[in-house]
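Residues per chain are reported as follows:
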Amino acid sequence: MRDFTSLIRAGETAMRLMAVFSGIALAALMIVQTAMRYFLTSPFLGFEELAVLAGLWLYALGAAFATRLDAHVRGGFLNSLDPGDGRLRILRAGASLVCAAVCGVYAWTSVAYTLRQAQIGRVSPYLGWPRWLWTASFALAFSVMVLWFLVEALRRVQGRTADPAGAE
């Protein structure tokens, strides 16, 4: 279990670092693009593509991280039930498994689409970068969300109040 906890923490740290890097890159790209457009009057449209790329990765990582922190949007019906009831724990674990299944379908579709983009060889119009770099953000995000939902379901079935990484 200790190795599993270390793996969870390493994944969480990697997501935080990638999100920080994507956020800083997005902010820097927007500042440079604005300066080039309004002060130098020579915008480079490649920065627009990079900004979209950084934004997609930031949003995807944010979705995965919100899943990890169990901070995603949900209904309040289950909260109105008796928290001491064991059925509630199983129901919440089942809900996590349903979410994992739905994200699994999206992950599968995203991976297939990303592989198709790579196979076709499409590139971005201004930078000439492979388009799969953009769509891979969805594939990674949904795959990581599946992982976190499965961890959450396991945690709930076992009746744990704290997650494997030790956070509440």
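Above this text you will find the structure in question.
First, a word on scope: everything that follows refers to the structure included in this document. All of these numbers come straight from a predicted model, not from anything done at the bench.

1. Thoughts on the overall build of the protein
Here comes step 1: Looking only at helices and strands, one finds 4 helices and 0 strands in the protein.
Here comes step 2: Helices and strands appear in the protein in the N-to-C order α-α-α-α.
Here comes step 3: Burial status across the protein gives 32% buried among its 168 residues.
Here comes step 4: Long-range pairs, those at least 24 residues apart, make up 69% of the contacts in the protein with a sequence separation of at least 6.
Here comes step 5: Carbon and sulfur atoms provide 70% of the accessible area of the protein, an area that totals close to 10400 Å².

2. Side note on the packing of aromatic side chains
Here comes step 1: For the coordinates displayed, the defined rule picks out 1 aromatic pair.
Here comes step 2: We note R68 situated over the ring of W148; from NZ or CZ to the ring centre the distance is 5.0 Å.
Here comes step 3: A cation over an aromatic ring shows up here: R131 above the ring of W134, its NZ or CZ 5.1 Å from the ring centre.

3. Topic: the nonpolar core
Most often, soluble globular proteins have nonpolar side chains that are buried together.
Here comes step 1: In terms of nonpolar packing, the biggest core is built from 13 residues, with M15, A64, C103, V144, M145, W148 and F149 touching the most fellow members.
Here comes step 2: Put simply, the parts of the chain that give this core at least two residues each are α1 (2-38), α2 (45-68), α3 (86-120) and α4 (132-157).
Here comes step 3: The dominant element in this core, judged by the number of residues it contributes, is α4, at 6 residues.
Here comes step 4: Setting aside its immediate chain neighbours within four residues, C103 contacts F142, M145, V146 and F149.
Here comes step 5: In terms of nonpolar packing, the next biggest core, distinct from the first, is built from 7 residues, L26, F47, A51 and A54 among them.

4. Structural notes on the pattern of salt bridges
Oppositely charged side chains can form a pair if their charged atoms are brought close together.
Here comes step 1: Counted according to the given criterion, the structure contains 2 salt bridges.
Here comes step 2: Of the charged contacts in the structure, one is a salt bridge between E152 and R156, with a shortest N-O distance of 2.5 Å. Of this pair, E152 and R156 both sit in helix α4, 4 residues apart, which is roughly one turn of the helix. The pair formed by E152 and R156 is uniform in burial state, with each residue classed as buried.
Here comes step 3: A single salt-bridge network, built from bridges that share partners, covers E152, R155 and R156.

5. What about the packing of α1 against α4?
Here comes step 1: Running from amino to carboxyl end, α1 crosses α4 at an angle of 140 degrees, the nearest separation of the two axes being 13 Å. In terms of orientation, α1 lies oblique with respect to α4. Seen from above, α1 lies across α4 with left-handed handedness. Residue-level contacts link F4, I8, E12 and M15 of α1 to V144, W148 and V151 of α4.

Thresholds, definitions, all that
- Residues numbered from 1 in each chain as written.
- Predicted model: local features only at pLDDT ≥ 70, side-chain atom pairs only at ≥ 80, totals over all residues.
- Heavy atoms only, no water.
- Helix = DSSP H or I, 4+ residues; strand = E, 2+ residues; numbered from the N terminus.
- Buried < 20%, exposed > 50% of the residue type's maximum accessible area, 1.4 Å probe, protein only.
- Contact = heavy atoms within 4.5 Å.
- Areas by Shrake-Rupley, 256 points an atom, 1.4 Å probe, with all protein chains shown as cover.
- Phe/Tyr/Trp six-rings, centres within 6.5 Å; stacked < 30°, edge-to-face > 60°.
- Lys NZ or Arg CZ within 6 Å of the ring centre and 35° of its normal.
- Core = buried A, V, L, I, M, F, W, Y, C linked by side-chain atoms within 4.5 Å.
- Salt bridge = Lys/Arg side-chain N within 4 Å of Asp/Glu carboxyl O.
- Axes fitted to C-alpha atoms, helices over the stretch in contact; angles between N-to-C directions.
- Parallel < 35°, antiparallel > 145°, perpendicular 65-115°, else oblique.
- Left-handed = near helix turned anticlockwise from the far one by under 90°.

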